[in-house]
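Read off the chains here:
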Amino acid sequence: MKKLLFAAALALIAAVIFVSCAKSPEMTVDVIKTKDGTSLTVRSGTEQRSFSVEEGQSCEVFVTVKKAGGTLDLKIESADGEKTLYVGKDLPSSSFSVTASEAGDYVIFIEAFGFIGGYTVEWTYGAA
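## Details of the overall build of the protein chain
Then step 1. Along the backbone of the protein chain there are one helix and six strands.
Then step 2. Listed by position from the N terminus, the elements making up the protein chain come as α-β-β-β-β-β-β.
Then step 3. A burial count over the protein chain gives 32% of its 128 residues as buried.
Then step 4. A sequence separation of at least 24 residues applies to 72% of the contacts in the protein chain between residues at least 6 apart.
Then step 5. Surface accessibility of the protein chain: about 7,700 Å² in total, with carbon and sulfur atoms responsible for 56%.

Next up, the structure:
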(Lines give C-alpha, C1' and ligand atoms only; values in the text may rest on other atoms or scores of the structure.)
Protein backbone atom coordinates (compact mmCIF):
# COMPACT_ATOMS: atom_id res chain seq x y z
CA MET A 1 0.00 0.00 0.00
CA LYS A 2 2.88 2.36 0.79
CA LYS A 3 4.33 1.70 -2.67
CA LEU A 4 1.01 2.57 -4.27
CA LEU A 5 0.73 5.83 -2.31
CA PHE A 6 4.33 6.69 -3.16
CA ALA A 7 3.68 6.03 -6.86
CA ALA A 8 0.50 8.11 -6.72
CA ALA A 9 2.39 10.98 -5.07
CA LEU A 10 5.09 10.84 -7.75
CA ALA A 11 2.45 10.78 -10.48
CA LEU A 12 0.72 13.78 -8.91
CA ILE A 13 3.96 15.77 -8.73
CA ALA A 14 4.81 14.91 -12.33
CA ALA A 15 1.31 15.88 -13.45
CA VAL A 16 1.48 19.24 -11.64
CA ILE A 17 4.81 20.00 -13.27
CA PHE A 18 3.42 18.96 -16.66
CA VAL A 19 0.27 21.09 -16.26
CA SER A 20 2.27 24.16 -15.28
CA CYS A 21 4.36 23.78 -18.46
CA ALA A 22 1.56 22.78 -20.83
CA LYS A 23 -0.02 25.36 -23.12
CA SER A 24 -2.72 23.16 -24.66
CA PRO A 25 -6.26 23.49 -23.25
CA GLU A 26 -6.89 19.78 -23.77
CA MET A 27 -7.14 16.96 -21.26
CA THR A 28 -4.13 14.68 -21.07
CA VAL A 29 -4.52 11.15 -19.79
CA ASP A 30 -1.50 9.20 -18.60
CA VAL A 31 -1.53 5.60 -17.44
CA ILE A 32 1.28 4.89 -15.03
CA LYS A 33 2.28 1.34 -14.15
CA THR A 34 3.31 0.80 -10.52
CA LYS A 35 5.96 -1.64 -9.35
CA ASP A 36 3.30 -4.08 -8.14
CA GLY A 37 1.76 -4.29 -11.62
CA THR A 38 -1.29 -2.09 -11.06
CA SER A 39 -1.87 1.05 -13.09
CA LEU A 40 -3.03 4.56 -12.24
CA THR A 41 -4.85 6.89 -14.62
CA VAL A 42 -3.77 10.51 -14.17
CA ARG A 43 -5.69 13.32 -15.89
CA SER A 44 -4.58 16.93 -16.24
CA GLY A 45 -5.99 19.77 -18.32
CA THR A 46 -9.40 20.91 -19.43
CA GLU A 47 -12.32 19.40 -21.27
CA GLN A 48 -15.54 21.00 -22.53
CA ARG A 49 -18.83 19.39 -23.42
CA SER A 50 -21.98 21.14 -24.58
CA PHE A 51 -25.69 20.46 -24.80
CA SER A 52 -28.84 22.37 -25.78
CA VAL A 53 -32.24 22.53 -24.14
CA GLU A 54 -35.26 23.23 -26.33
CA GLU A 55 -38.32 25.21 -25.22
CA GLY A 56 -40.59 23.03 -23.04
CA GLN A 57 -37.74 20.60 -22.36
CA SER A 58 -35.37 20.02 -19.44
CA CYS A 59 -32.00 18.31 -19.26
CA GLU A 60 -30.60 16.46 -16.27
CA VAL A 61 -26.81 16.18 -16.12
CA PHE A 62 -25.52 13.20 -14.12
CA VAL A 63 -22.00 13.36 -12.69
CA THR A 64 -20.11 10.51 -11.03
CA VAL A 65 -16.62 11.00 -9.59
CA LYS A 66 -14.33 8.29 -8.24
CA LYS A 67 -11.33 10.08 -6.78
CA ALA A 68 -8.08 8.58 -5.54
CA GLY A 69 -6.00 11.77 -5.67
CA GLY A 70 -5.48 15.13 -7.31
CA THR A 71 -8.17 17.70 -8.02
CA LEU A 72 -11.22 17.75 -10.30
CA ASP A 73 -13.31 20.90 -10.82
CA LEU A 74 -16.58 21.10 -12.75
CA LYS A 75 -18.74 24.02 -13.86
CA ILE A 76 -22.00 24.04 -15.83
CA GLU A 77 -23.15 27.35 -17.28
CA SER A 78 -25.06 28.87 -20.15
CA ALA A 79 -23.02 29.20 -23.34
CA ASP A 80 -23.11 33.00 -23.02
CA GLY A 81 -21.75 32.74 -19.46
CA GLU A 82 -24.67 34.66 -17.95
CA LYS A 83 -26.22 31.82 -15.93
CA THR A 84 -24.25 29.37 -13.80
CA LEU A 85 -26.04 26.15 -12.89
CA TYR A 86 -23.26 24.50 -10.88
CA VAL A 87 -19.71 25.11 -9.67
CA GLY A 88 -17.77 22.40 -7.85
CA LYS A 89 -14.13 22.69 -6.80
CA ASP A 90 -11.96 19.72 -5.76
CA LEU A 91 -14.85 17.27 -6.09
CA PRO A 92 -14.79 14.26 -3.78
CA SER A 93 -15.90 10.78 -4.81
CA SER A 94 -19.62 11.31 -5.31
CA SER A 95 -22.62 11.12 -7.62
CA PHE A 96 -25.01 13.99 -8.20
CA SER A 97 -27.22 15.59 -10.83
CA VAL A 98 -27.91 19.14 -12.03
CA THR A 99 -31.05 20.14 -13.94
CA ALA A 100 -31.18 22.71 -16.74
CA SER A 101 -34.82 23.70 -17.17
CA GLU A 102 -34.52 26.84 -19.28
CA ALA A 103 -34.15 26.71 -23.07
CA GLY A 104 -30.67 27.51 -24.33
CA ASP A 105 -27.18 26.27 -24.98
CA TYR A 106 -25.02 25.10 -22.06
CA VAL A 107 -21.36 24.25 -21.56
CA ILE A 108 -19.81 21.83 -19.07
CA PHE A 109 -16.23 22.73 -18.12
CA ILE A 110 -14.09 20.00 -16.54
CA GLU A 111 -10.66 20.86 -15.19
CA ALA A 112 -8.26 18.28 -13.75
CA PHE A 113 -5.03 18.82 -11.85
CA GLY A 114 -3.17 15.52 -11.51
CA PHE A 115 -6.54 13.84 -10.98
CA ILE A 116 -6.21 10.14 -10.23
CA GLY A 117 -9.43 8.20 -10.66
CA GLY A 118 -12.34 8.45 -13.05
CA TYR A 119 -15.46 10.43 -13.78
CA THR A 120 -18.51 10.31 -16.02
CA VAL A 121 -20.72 13.16 -17.22
CA GLU A 122 -23.94 12.15 -18.98
CA TRP A 123 -27.27 13.84 -19.62
CA THR A 124 -30.84 12.94 -20.49
CA TYR A 125 -33.72 15.05 -21.73
CA GLY A 126 -37.25 15.21 -20.40
CA ALA A 127 -40.28 17.45 -20.25
CA ALA A 128 -39.88 20.72 -18.34
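Having seen the structure, we can now continue with the description.
## Brief notes about the environment of aspartate 90
Then step 1. Relative to the helices and strands, aspartate 90 is located in the loop between β4 (84-88) and β5 (94-100).
Then step 2. On a C-alpha basis, the gap between aspartate 90 and leucine 74 in space is 8.5 Å, while along the polypeptide they are 16 residues apart.
Then step 3. Apart from the residues lying within four places of it in its own chain, the contact partners of aspartate 90 are Lys67, Gly70, Thr71, Leu72 and Asp73.
Then step 4. A polar contact of 2.5 Å, which involves the side chain of aspartate 90, links it to the side chain of lysine 67.

## Observations regarding a negative patch on the surface
Then step 1. On the surface, Glu54, Glu55, Asp80, Glu82 and Asp105 cluster together into a patch of negative charge.
Then step 2. When you line up the elements, glutamate 54 lands in the loop between β2 (39-53) and β3 (57-78).
Then step 3. Residue classification places glutamate 54 among the exposed residues on the basis of a relative accessible area of 51%.

Conventions and cut-offs
- Residues numbered from 1 in each chain as written.
- Predicted model: local features only at pLDDT ≥ 70, side-chain atom pairs only at ≥ 80, totals over all residues.
- Heavy atoms only, no water.
- Helix = DSSP H or I, 4+ residues; strand = E, 2+ residues; numbered from the N terminus.
- Buried < 20%, exposed > 50% of the residue type's maximum accessible area, 1.4 Å probe, protein only.
- Contact = heavy atoms within 4.5 Å.
- Areas by Shrake-Rupley, 256 points an atom, 1.4 Å probe, with all protein chains shown as cover.
- Polar contact = N/O pair within 3.5 Å; in protein donor to acceptor, adjacent residues only side chain to side chain.
- Patch = residues over 30% accessible without salt bridge, like charges linked within 9 Å, V, L, I, M, F, W, Y side chains within 5 Å.
- Salt bridge = Lys/Arg side-chain N within 4 Å of Asp/Glu carboxyl O.
- Lys, Arg positive; Asp, Glu negative; His and termini not counted.
- Charge placed at Lys NZ, Arg CZ, Asp CG, Glu CD.

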